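Structural characterization, general
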Amino acid sequence: MLKPTPIASHPIHRGRVIAVSTEILRYANGREHELDFVRHPGAAAVVAVDEANRVCVVRQYRHGVADFLWEVPAGKLDPGEAPAACAVRELAEETGVTARTWTPLGLFLPAPGIFTEVIHLYLAQGLEIGAPAPDVDEELELQWLPFDEAVARVQRGEWNDGKTAMALMRAQYLLQL
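Summarised in this report is the structure supplied together with it. (Residues numbered from 1 in each chain as written. Predicted model: local features only at pLDDT ≥ 70, side-chain atom pairs only at ≥ 80, totals over all residues. Heavy atoms only, no water.)

1. Regarding the pairing of strand E2 (residues 19-26)
Put simply, the rule is: Three labels apply to residues, based on accessible area from a 1.4 Å probe with only protein chains included: buried if under 20% of the type maximum, exposed if over 50%, partly exposed otherwise in between. Put simply, DSSP H or I for four residues or longer makes a helix, DSSP E for two residues or longer makes a strand, and each gets a number counted from the N terminus. One requirement defines pairing of two strands: DSSP has to find at least two bridges between them.
Across the eight residues of E2, six count as buried, placing the element largely inside the fold. Both strand E1 (residues 5-14) and E2 contribute to a ladder of eight bridges, which runs antiparallel. What sits directly across from His10, in E2, is Thr22. A loop of four residues connects E1 with E2, the two strands running antiparallel in sequence. Bridge count between E2 and strand E3 (residues 32-39): eight bridges; the pairing is antiparallel. Bridge pairing in E3 places Ile24 opposite Glu34.

Okay, here's the thing in structure tokens:
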């Protein structure tokens, strides 16, 4: 199987975070196909687990689902920023937490059919708690709860944020090795 060849890109919108275009791809069989495409700079998300085996989560409003969601701390990459640096920055900004030990948990691809967004997942341990300093557009509620309870909320379908589910499940696997 061969990758399709991009033959045209028509910009539609450039926003504060994303750019939207219509792409035309030519497949190996010669057929051309249009698709709407969203370019995103990427992000990092962090499962921060303390010595008492509690995980730090934040609750925030997500307009796409018109509701509040519980999530692991996360945020988008700044231009030129390495994913690991983004993870350190976002954890400190959103929760006031710093960590001595960082373990990569792989990637999460939220919607690869239409988005370029790649979320880099990390486990943070050896934590120190400080004061959060969220961005001006962030209103966050912070909570620490037993790690097993957070995983159970995902498994029961109470928490449906994809990056949070993926990050917690990968952290659980790693921590049980």
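2. Some words on the sheet that holds strand E5 (residues 54-62)
Just so we agree on the cut-off: For helices, the axis comes from a line fit to the C-alpha atoms of the stretch in contact; other axes are also lines fit to C-alpha atoms, and the angle between any two N-to-C directions lies between 0 and 180 degrees. The criterion used for residue contact is that any of the two residues' heavy atoms lie within 4.5 Å.
The strand order across the open sheet formed by three strands is E6-E5-E10, and the pairing between neighbours is antiparallel. With partners counted over all chains shown, the strands left at the sheet margins are strand E6 (67-71) and strand E10 (141-146), one partner each. In this sheet, adjacent strand axes meet at a mean angle of 30° when their direction is disregarded. In the packing of helix H2 (residues 147-155) onto the sheet, the strands contacted are E5 and E10, and the crossing angle to E10 comes to about 105°.

3. Observations concerning the pattern of salt bridges
To be explicit about the condition: Every case where a carboxyl oxygen of Asp or Glu lies within 4 Å of a side-chain nitrogen of Lys or Arg is listed as a salt bridge.
In this structure the tally under the stated criterion is 16 salt bridges. Ionic pairing is found between Arg89 and Asp78, a salt bridge with its closest N-O pair at 3.6 Å. Of this pair, Arg89 sits in helix H1 (residues 83-95) while Asp78 sits in the loop between strand E7 (74-76) and H1, and the two are eleven residues apart along the sequence. Linking Arg89 and Glu81 is a salt bridge whose minimum nitrogen-to-oxygen distance equals 2.8 Å. What you see here is one network of salt bridges that share partners, running through Lys76, Asp78, Glu81, Arg89, Glu90 and Glu93.

Interpretation in functional terms is not warranted from these geometric data alone.
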